[in-house]
Amino acid sequence: MEQPVTAARRGAAVRIAAVRKEYVSAAGTVLALSDIDLTIAAGEFVCIVGPSGCGKSTLLRILAGLDRQTAGTIAVEAAGWEVENAMVFQESGLFPWMNVETNVRFGLDTRGIPRAEANGRVDEALKLVGLSKFRKHYPHQLSGGMRQRSAIARAFVTNPGMLLMDEPFAALDAQNRVILQAELVRLWEQTGKTVIYITHSIEEALLLGNRTVIMTAQPGRIKTIIDVPFPHPRDLIQLSASPEFGKLKLDIWRVLEEEVNRARAETEQ
Amino acid sequence: MSGLSTKTRERLLYLISPIGLLALWQVLLMMGFGDRRFIPAPTDIAYRYWEMVMSGELAEHTTVTLYRVFTGFFVGSIPGIVVGLLMAMFRPVRIFVDPLIAALFPIPKIALMPLLLLVFGFGDASKIAVVAIAVFFPVIINTYSGAANIEKIYWDVARNFGASQSVMFRRIVFFGALPMIFAGLRIALAVSFIVLVAAEFVATKSGIGYLIWNSWELLQVDVMFVGIVTVGLLGLIATVCLQEIERKVIPWKAE
């Protein structure tokens with residue numbers, strides 16, 4: 001799977017091996033993730049799809065360092081990048097008490113980047129997402145789409161090896177979602193960062209990524225991994241309307257349907 | 001009143017009850033109900049108020065009271081904010097401080113006055129101390145609950161973007177708690193006037209509280225009322241100022 005990016009610009013590589021996550025609660029131990037093995041190449045755009053409760057967000061939180069696996073290893077190779085990863089959260093997570101500019105600069109301030117350099121990079125990142133004019137606005141003065149753009153700028157500005165995105169566009173209306181998806185793909189094509197993108201929509205996964213990891217719930221396991229054959233640069237609107245896209249989507253649904261039926265048959269025996 | 005907007009009508013309604021009460025008070029006294037030597041009419045109070053403003057006597061007491069209130073307010077609220085935030089950030093701090101708050105908060109702070117006179121003497125320090133102690137509790141409780149209720153996602157974002165404990169404290173927890181901190185400060189402001197006026201009843205020769213108590217002992221009831229009205233006005237002005245500051249300091253609070 002070749003991407004149109006040079007080797008020097010490629011993002012972090014990740015090797016996830018036998019990762020398992022258990023939660024201990026009053027009701028007992030809940031197995032959230034089981035036997036997760038996944039190798040992600042530098043510069044790949046991987047989408048993880050699954051029903052709610054399949055542990056996909058937990059996996060992302062572990063990758064982000066916000067949670068720890070119970071067993072298994074995660075190795076990230078991010079040499080040459082300033083930080084290993086930066087996360088874009090579902091509801092943007094912009095700090096309401098900081099304006100756009102300060103929010104975007106946050107990850108640079110925490111890492112002690114000198115103010116002049118930080119401001120230059122913030123300018124660039126805001127230009128990249130088209131928010132230069134809104135730099136002094138507070139999050140409550142922005143639309144949902146603009147908030148997610150700010151969150152993307154905040155992640156990009158830190159120069160991470162990989163972007164971790166947790167259903168970043170789920171709360172947006174359909175039109176804004178399409179626009180932001182196209183912008184994200186364009187940014188990825190330009191920068192060649194590794195992207196791990198959580199979604200519950202198979203269609204979105206196929207549209208954006210190079211590979212789609214399909215997970216099932218209880219416990220969260222990887223059911224199957226699909227190579228998405230569409231070349232980059234992609235025109236998402238054209239792609240989504242193409243017969244090849246429709247056929248791939250249908251094939252995947254057939255596979256899932258079979259597995260759902262088999263699982264049901266097993267439980268009913 | 002059909003020509004008036006709803007807002008104007010509500011404002012008028014807002015003024016009717018206090019003005020009506022004052023008018024009733026005045027009329028009853030003028031009709032001979034009650035002894036005007038013991039219960040002065042609103043006009044008597046207003047006259048005495050004007051007199052005391054012109055002589056500078058009122059300004060003198062007001063200055064002393066304001067100095068004590070604001071010094072005590074700052075001395076008490078700043079540690080209240082700091083410790084409240086630390087309680088939210090560090091569990092051991094919370095476990096350590098919680099029982100102290102539970103035990104000390106219900107004690108009427110004015111009951112500490114003899115002790116404070118013993119420790120700080122009869123000067124301003126003992127009055128400032130009693131205000132500071134009284135202010136500390138509402139501020140710490142509100143600050144803690146504000147900081148403890150910061151949405152989890154902000155902690156996650158801060159951690160993911162490499163925030164140290166000190167950045168967490170200054171840029172996340174403090175600002176996240178700020179709306180609640182101001183709610184605490186508003187209560188604390190009222191409390192500081194309440195406690196100080198009571199503290200000034202004893203062992204001092206200055207301040208609005210002294211003015212009220214002293215005029216009672218001399219049976220100058222109109223002067224006493226001047227003192228009471230002054231406390232009310234000072235509290236009102238201070239609260240309005242605090243609300244203005246809040247508006248400036250919390251620009252992200254949606255209108």
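Scoring rules and cut-offs
In every chain, residue numbers begin from 1 and rise along the written sequence. Ligands are numbered from 1 and chains lettered from A, in the order in which they are written. Note on the predicted model: pLDDT of at least 70 is required for a residue's local features to be given, and 80 or more for side-chain atom pairs to be given and counted; whole-chain, interface and lining totals, by contrast, use all residues. Note on conventions: DSSP H or I runs of at least 4 residues are helices, E runs of at least 2 residues are strands, and numbering of each starts at the N terminus. In this setup the radius of gyration rests on C-alpha atoms only. A globule is expected at 2.2 Å times the number of residues raised to 0.38. Counting other C-beta atoms within 10 Å of its own, a residue is labelled buried from 20 upward, exposed at 12 or fewer, and partly exposed in the gap between, with every C-beta atom placed from the backbone. Where each domain begins and ends follows an automated or database-derived domain assignment. Two residues form a contact once the distance between their C-beta atoms, set from the backbone, is within 7 Å. Polarity classes work like this: nonpolar for Ala, Val, Leu, Ile, Met, Phe, Trp, Tyr, Cys and Pro, charged for Asp, Glu, Lys and Arg, and polar for all others, with Gly in that last group. Strands are treated as partners if at least two bridges between them are detected by DSSP. Viewed with both strands pointing away, a crossover whose connecting path from the first strand over the helix to the second turns clockwise is right-handed. A set of buried Ala, Val, Leu, Ile, Met, Phe, Trp, Tyr and Cys residues, joined through C-beta atoms within 7 Å, is what we mean by a nonpolar core. In this description, a line fitted to the C-alpha atoms serves as the axis of each element, helices being fitted only across the stretch in contact, and the angle between N-to-C directions of two axes falls anywhere from 0 to 180 degrees. Roughly parallel refers to an angle under 35 degrees, roughly antiparallel to one over 145, roughly perpendicular to one between 65 and 115, and oblique to any angle outside these ranges.

**Comments concerning the overall build of chain B**
Tallying secondary structure elements over chain B gives 10 helices and 0 strands in all. Taking 2.2 N^0.38 as the reference for a compact globule, 255 residues should give roughly 18 Å; the C-alpha atoms of chain B span a radius of gyration of 23 Å, well beyond that estimate. If you line up chain B on its principal axes, its C-alpha atoms span 75 × 60 × 30 Å. Split into buried and exposed, the 255 residues of chain B put 34% on the buried side.

**What to know about the domain arrangement of chain B**
Interface extent is often summarised as the accessible area lost during association of the parts. Residues and elements named next belong to chain B. Per the domain assignment, the segments of chain B are domain 1 (1-34) and domain 2 (36-249). For domain 1 versus domain 2, the distance between C-alpha centres works out to 32 Å. The interface of domain 1 with domain 2 comprises 6 residues on the first partner and 5 residues on the second. Taken together, the residues that form the side of domain 1 that touches domain 2 break down as 4 nonpolar, 2 polar and no charged.

**So, the pairing of strand S7 (residues 194-199) of chain A**
Residue and element names in this part refer to chain A. With 6 of 6 residues buried, S7 is to be regarded as a mostly interior element. Every second residue of S7 is oriented toward a common face, with Thr 194, Ile 196 and Ile 198 on one face and Val 195, Tyr 197 and Thr 199 on the other, all of them buried. Here strand S3 (residues 45-49) runs beside S7; their pairing, made up of 5 bridges, is parallel. Opposite Phe 45, over in S7, you have Val 195 as the bridge partner. Traced from strand S6 (residues 160-166) through helix H5 (residues 174-191) to S7, the parallel crossover comes out right-handed.

**Remarks on the interface of chain B and chain A**
Counting residues at the interface gives 16 residues for chain B and 19 residues for chain A. Mapped by element, the contributors of at least two residues to the side of chain B that touches chain A are helix H7 (152-160) and helix H8 (165-199) of chain B. Of the residues forming the side of chain B that touches chain A, the biggest block, 6 residues, is contributed by H7 of chain B. Across the side of chain B that touches chain A, the residue classes break down as 11 nonpolar, 3 polar and 2 charged.

**Comments concerning the nonpolar core**
Core analysis: the biggest nonpolar cluster contains 124 residues, and Ile 196 of chain A together with Val 131 of chain B have the highest contact counts within it. Ignoring sequence-local partners within four residues, the contact set of Val 131 of chain B consists of Arg 68, Val 69, Gly 72, Phe 73, Gly 76, Ser 192, Val 195 and Leu 196 of chain B.

**A look at the packing of helix H3 (residues 57-89) of chain B against helix H9 (residues 208-217) of chain B**
All names here are of chain B. Viewed as axis vectors pointing N to C, H3 and H9 meet at an angle of 130 degrees, and their least axial separation amounts to 7 Å. Taken together, the axes of H3 and H9 are oblique relative to one another. Along its contact with H3, which presents His 61, Thr 62 and Thr 65, the element H9 presents Ile 208, Tyr 210 and Leu 211. Taken together, the residues that form the contact of H3 with H9 break down as 3 nonpolar, 3 polar and no charged.

**Comments concerning the environment of Arg 111 of chain A**
All names here are of chain A. Of note, Arg 111 is situated in the loop between helix H2 (100-109) and helix H3 (115-128). Residue Arg 111 is classed as partly exposed on the basis of its 15 C-beta neighbours within 10 Å. Considering only alpha carbons, one finds Arg 111 and Ile 16, 95 residues apart in sequence, at a separation of 27 Å.

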